[in-house]
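Coordinate analysis (summary)
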Amino acid sequence: MSPTTLSGATPPGAVTWPAWARQAAWTAAPWLLPLTLIVLWQTGASQGWISPQVLPPPAYVWDTLRDLAISDDLWLNTRASLQRVLVGFALGSVLGLLLGTAMGLSRRLEAYVLPTFNALVQIPVLAWLPFVLLIVGIGEPLKYILIAKAALVPVTLNTLQGFRQASPALREVGSVYGYSRRQEVLEIVLPLALPTLFTGLRLGFTKAWLSLVVVELVASSEGLGYLIVYGRQLFQLDLVMAAVIVVGAIGYAIDRLLDWAETRLIHGRRAARLVPSEARP
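Everything numeric in this text was worked out from a predicted model, so none of it was measured.

1. Topic: the UniProt feature "transmembrane region" (unreviewed entry) in the protein chain
The sites that UniProt annotates as "transmembrane region" (unreviewed entry) are residues 85-105, 117-138, 209-230 and 237-254. Here residues 85-105 runs as 100% helix and 0% strand, with 29 Å between its end C-alpha atoms. The distance from the first to the last C-alpha atom of residues 237-254 is 26 Å, and the span holds 100% helix and 0% strand.

2. Quick word on unusual backbone geometry
In this structure, D72 takes a positive phi of about 70° despite not being glycine. You can see D72 is positioned in the loop between α3 (58-70) and α4 (73-105). When its relative accessible area of 42% is taken as the criterion, D72 is described as partly exposed. The backbone phi angle of F235 is positive, close to 55°, even though this residue is not glycine.

3. Brief notes about the nonpolar core
One finds V85, F205, W209 and L224 to be the most contacted residues of the largest nonpolar core, which totals 33 residues. Among residues more than four places away in sequence, those in contact with W209 are L82, V85, L224, V247, I250 and G251.

4. Thoughts on the pattern of salt bridges
A complete count under the given rule lists ten salt bridges for this structure. A salt bridge links R66 to D63, with the shortest nitrogen-to-oxygen separation between them at 3.4 Å. Remark: D63 and R66 occur in helix α3; sequence separation between them is three residues, near one turn of the helix. Given a relative accessible area of 31%, D63 falls into the partly exposed group. Put simply, R256 and D255 hold a salt bridge, and the shortest N to O gap is 3.2 Å. Among the charged side chains, a salt-bridge network with shared partners connects R84, E140, K143, E216 and E222.

5. Some remarks on the side chain of K149
Structurally, K149 can be placed in helix α7 (residues 140-163). Here K149 is buried and forms no salt bridge, its nearest opposite-charge partner E216 lying at an N-O distance of 18 Å. Looking at K149, its side chain comes within polar contact range of the main-chain oxygen of I123, at 2.9 Å. Non-local contacts of K149, meaning those with residues more than four positions away in its chain, are made with V121, I123, P124, V125 and W128.

What counts, and where the lines are drawn
- Residues numbered from 1 in each chain as written.
- Predicted model: local features only at pLDDT ≥ 70, side-chain atom pairs only at ≥ 80, totals over all residues.
- Heavy atoms only, no water.
- UniProt positions renumbered as here; feature names shortened; annotations may be inferred.
- Helix = DSSP H or I, 4+ residues; strand = E, 2+ residues; numbered from the N terminus.
- Buried < 20%, exposed > 50% of the residue type's maximum accessible area, 1.4 Å probe, protein only.
- Core = buried A, V, L, I, M, F, W, Y, C linked by side-chain atoms within 4.5 Å.
- Contact = heavy atoms within 4.5 Å.
- Salt bridge = Lys/Arg side-chain N within 4 Å of Asp/Glu carboxyl O.
- Lys, Arg positive; Asp, Glu negative; His and termini not counted.
- Polar contact = N/O pair within 3.5 Å; in protein donor to acceptor, adjacent residues only side chain to side chain.

Encoded structure:
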């Protein structure tokens with residue numbers, strides 16, 4: 001390797017791309033794999049490599065998706081799924097934040113609760129279905145409880161981990177400045193725990209969304225999971241594929257929304273810390 005390369009300068013003969021071209025390539029990079037899969041899908045369907053009964057062509061799936069949107073079936077089933085996942089996710093997240101915070105602030109409570117909690121979380125959601133079914137029946141509370149359980153686990157564990165990230169040295173600094181327990185948590189522990197808390201929320205939503213589809217596959221008469229089951233029973237795989245695409249798109253959109261909220265909140269707190277205290281209102 002030449003000294004010029006080691007120094008970080010551009011080697012002779014190397015192509016230098018403009019900044020806009022590098023930005024465009026960076027923006028387009030995540031779409032290369034999905035577009036490649038769609039091209040392969042279309043090629044396989046048009047060449048007859050795969051039977052349309054096994055994997056419908058993209059045009060069939062698009063027509064089915066459009067028909068669902070025109071007939072309002074897509075909106076009605078999507079609304080039912082979103083209501084279930086938002087209610088279950090909210091319940092699981094609130095309980096997870098409270099439980100994780102309590103264990104994070106109390107070593108004794110963590111010693112009593114965490115081993116049992118770790119044992120219970122190993123049981124999959126479907127294994128709880130018969131037990132919860134006997135208690136609350138087959139209605140909406142069944143779905144809320146199972147979705148909440150799925151979100152509860154990552155939110156609790158990440159909240160506990162976040163509250164453990166504050167080093168004892170930082171807490172000692174807080175005690176030197178005369179911080180109360182409440183000030184220590186709000187000014188030292190919580191800011192350091194925010195990234196991990198948001199990671200737990202994003203993982204919790206992912207688990208909740210996956211559990212929603214599983215629950216609707218088993219016990220539901222409406223929802224995106226129900227559309228998948230209905231299409232499979234009628235062997236309408238274009239309907240199955242359309243519902244799967246909607247499930248993936250909504251899950252990805254909400255995950256991006258949580259990522260945006262995390263970025264805004266954390267950057268906002270960092271910017272506020274950089275402002276001198278005398279310049280604040």
